[in-house]
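One-letter residues, chain by chain:
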Amino acid sequence: MRIALVTPFAWSQPHDVNEHVDGLARELRRRGHSVTVLAPSNRARDLAAGRRALLGSFDEPPELIAIGPAVPISRRSRMGVPVGVRASLALALARGGFDVVHGFEPGLPSLSYLALRDSAALTVATFFSPERLGYPPGRAQRERLLARVDALLATSEEVAEAAALRFPGRYELVPHGVDPELFFPAEKKRLVVMEWRQTERPLLRALVRELVQQPGWELVLLRTRVPASRPAVSPRLRGRMRVRTARTGAARAEVLRAASIFVPAAEGLARLVAEAQTAGVAIAAPPGRGEQPELAAAEAARMVEDEAFRARRAAESLAAAQSQTTEALADRVEEVYARVASRRRSTTARSPFEERDWILADLHLHTSWSHDCSIDVDELLDHAESQGLGAIAVTDHNVFGGALEAVERARGRRLVVIPGEEVKTADQGEVIGLFLREEIPRGMSFGETVAAIRAQGGLVYLPHPFDRLHAIPGPPTLHRHLAEIDIFEVYNARLLFEAYNEEALRFARKYNLTRGAGSDAHVLAGVGTGAIRMRRFSGPEEFLVSLHDAEVLRRPKSLAYLQGLKWVAQAKERVR
């Protein structure tokens, strides 16, 4: 597979997310995949190489493309990505021919968010921190992003729960991806390592009190952030206490491989615990330590005094580390990639009906049987024929009588009528059933409605799937039932914003879905404003085959004019 891994953080500077991305990229390449990291960078040679890569051949994409200089980003940031950087990202995505685009921490205004939003490939998103979920601020923007993401990943349950509040969906947990060779356990020293944060002063005081009574044991305060406060060395541990700054995995490995005990910060670097476990270090992090820091100091003291207890905890660390390696990460991610790739339908061969004549078909129409339409069935049939239509689908709201009447009245005409119904689901928008035999009740779940259509041998047609001015199926529902949707409406002439149709077309292209179009007309003047040019068919099977190489036709008319006609007709009906 061709894979793009997109990180929002400067590749030229140490960052825990970049270490995760780098480990995943190296392991996936080892398994034969083509992996390109798209990232900002402040290193001049990276930027120069990135420009050359964007202008060169993409037959073999480079391992790293520096898209542009890094800009400061945080959970409070509202700084946009520069226009030039956006253009470079769009060029990389267009020329890369990627099968999967994987964005990391997309809840920031960054390259990751833009890549997932704009890519036409299959997409996966990974979240790392509950503190990086503030973007985009608008709910509609978040819903648009979710509709384009095929899988949601998180590195912990805490992160998944926080992310689900802003980006609802089903999250899967993935390992941090620690290099077991880099953190291979060395001979252990009488060394306690504590992760330093400014808020951990009570824990530090308690730990110093315990270690004062344990001569021969040393304490290292490990800083993983710069700038960060530098704690003062306690006089009570003079000669046995020091401060180390380690922002990279290699620097942290140097400290942790020889350590016997590790005391993590309550709000520290989550990856650091996995690294300590891989190095075979006993972890002192008892329940309740966030409210009572002294509990962690007491547990560390017990480990110092009880060698057997310390050995058991070290063994537990090594056992837990097996699920956090880069190999385990790649296994999990490969499984996710394969699953989302299976949603894409195979390319369909050309229609075998090339000898048949072409017809125009409007696949979404209403009659006076719908509560909001005043078109008489005979008027609809006459007008459809006068407009040159060869087939129409009558799809009244939650009622099947109009379709049956239209089928009966069309006997002897050249016009083909497909009996259908537009069914309102409980809370996931509407679903159209085509080639139905009987009415389907409204108010069922999306899945139950789809099952009822298929039970009749009908075809599932999803109308206006991204019209956010009305109830529509959410992204999880769409992805869950993707294989059961026979036809995906990519053009609806009644939508107020053309962007909703464009989103539907983009979605259909992404998964190779069979495309449909209709006018959704509620007045005669709207009939045929959205249609499909297809080969003549007989029955649902031939209809589906003929749609595979059909052409979507757009005959737009003023929506205000058409809506005005509808209101006038409704007003006359009320007067009568």
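Residues numbered from 1 in each chain as written. Predicted model: local features only at pLDDT ≥ 70, side-chain atom pairs only at ≥ 80, totals over all residues. Heavy atoms only, no water.

Student: Explain the nonpolar core here, please?
Tutor: Across soluble globular proteins, you tend to see nonpolar side chains buried next to one another. L5, L24, Y337, I392, F488 and F507 are the most contacted members of the largest nonpolar core, which has 69 residues in total. Of the residues forming this core, the biggest block, 6 residues, is contributed by helix α12 (residues 326-341). The residues touching L24, leaving out its near neighbours within four places in the chain, are L5, H102, F104, L329, A330 and V333. With 36 residues, the next largest nonpolar core counts I65, Y135, A160 and A162 among its residues. (Core = buried A, V, L, I, M, F, W, Y, C linked by side-chain atoms within 4.5 Å. Buried < 20%, exposed > 50% of the residue type's maximum accessible area, 1.4 Å probe, protein only. Helix = DSSP H or I, 4+ residues; strand = E, 2+ residues; numbered from the N terminus. Contact = heavy atoms within 4.5 Å.)

Student: I'm lost on helix α8 (residues 249-256) in this one. Help?
Tutor: Because the α-helix completes a turn every 3.6 residues, residues three or four places apart line up on one side. Burial in α8 covers these residues: G249, R252, A253, V255 and L256. The arc enclosing the buried residues of α8, seen along the axis, measures out at 165°, which places them on a common side. Its buried side turned inward, α8 meets α1 (16-30), β8 (191-195), β9 (218-223), β10 (241-245), β11 (261-263) and α9 (270-278). (Arc of directions from axis to C-beta.)

Student: How should the sheet that holds strand β20 (residues 530-535) be read in this particular structure?
Tutor: Note on sheets: strands pair through backbone hydrogen bonds, and any given pair is parallel or antiparallel. Read from one edge to the other, the open sheet built from 9 strands follows the order β19-β18-β17-β16-β15-β14-β13-β20-β21, with strand pairing classed as mixed. Each having just a single partner strand, β19 (515-518) and β21 (551-554) make up the two edges of the open sheet. When the angles between neighbouring strand axes are averaged without regard to direction, this sheet yields 30°. The pairing of strand β18 (residues 487-492) with β19 spans 4 bridges and is parallel. Counterpart to E489 in the pairing with β19 is G516. Along the sheet, helix α17 (residues 498-511) contacts β18, β19 and β21; its crossing angle with β18, the most-contacted strand, is approximately 150°. (Pairing = 2+ DSSP bridges. Axes fitted to C-alpha atoms, helices over the stretch in contact; angles between N-to-C directions.)

Student: Is there a simple way to explain unusual backbone geometry in this structure?
Tutor: Apart from glycine, the bulk of residues carry a negative phi angle, and the bulk of peptide bonds sit in the trans form. Each neighbour pair has its own omega, and for Y135 with P136 the value is -5°, a cis peptide bond. Considering the arrangement of structural elements, one finds P136 in the loop between β5 (122-127) and α5 (139-148). Within the chain, E105 stands out as a residue other than glycine whose phi angle is a positive 50°. Unusually for a residue other than glycine, D520 sits at a positive phi of about 55°.

Student: What is the right way to look at the sheet that holds β11 in this model?
Tutor: The parallel open sheet is built from 5 strands, whose spatial order is β10-β9-β8-β11-β12. Looking at strand neighbours, the two that pair on one side only are β10 and β12 (282-283), the edges of this open sheet. Relative to β10, β9 runs parallel, the two being bridged by 5 bridges. Bridge pairing in β10 links L219 to M241.

Student: Is there a simple way to think about the environment of I283 in this case?
Tutor: Relative to the assigned elements, I283 resides in strand β12. The exposure class of I283 is buried, given its relative accessible area of 13%. Distance from I283 to L191, taken between C-alpha atoms, is 13 Å for residues 92 residues apart in sequence. Beyond its immediate stretch of four places on either side in the chain, I283 contacts F262, P264, V273, A276, Q277, E299, M303, R313 and S317.

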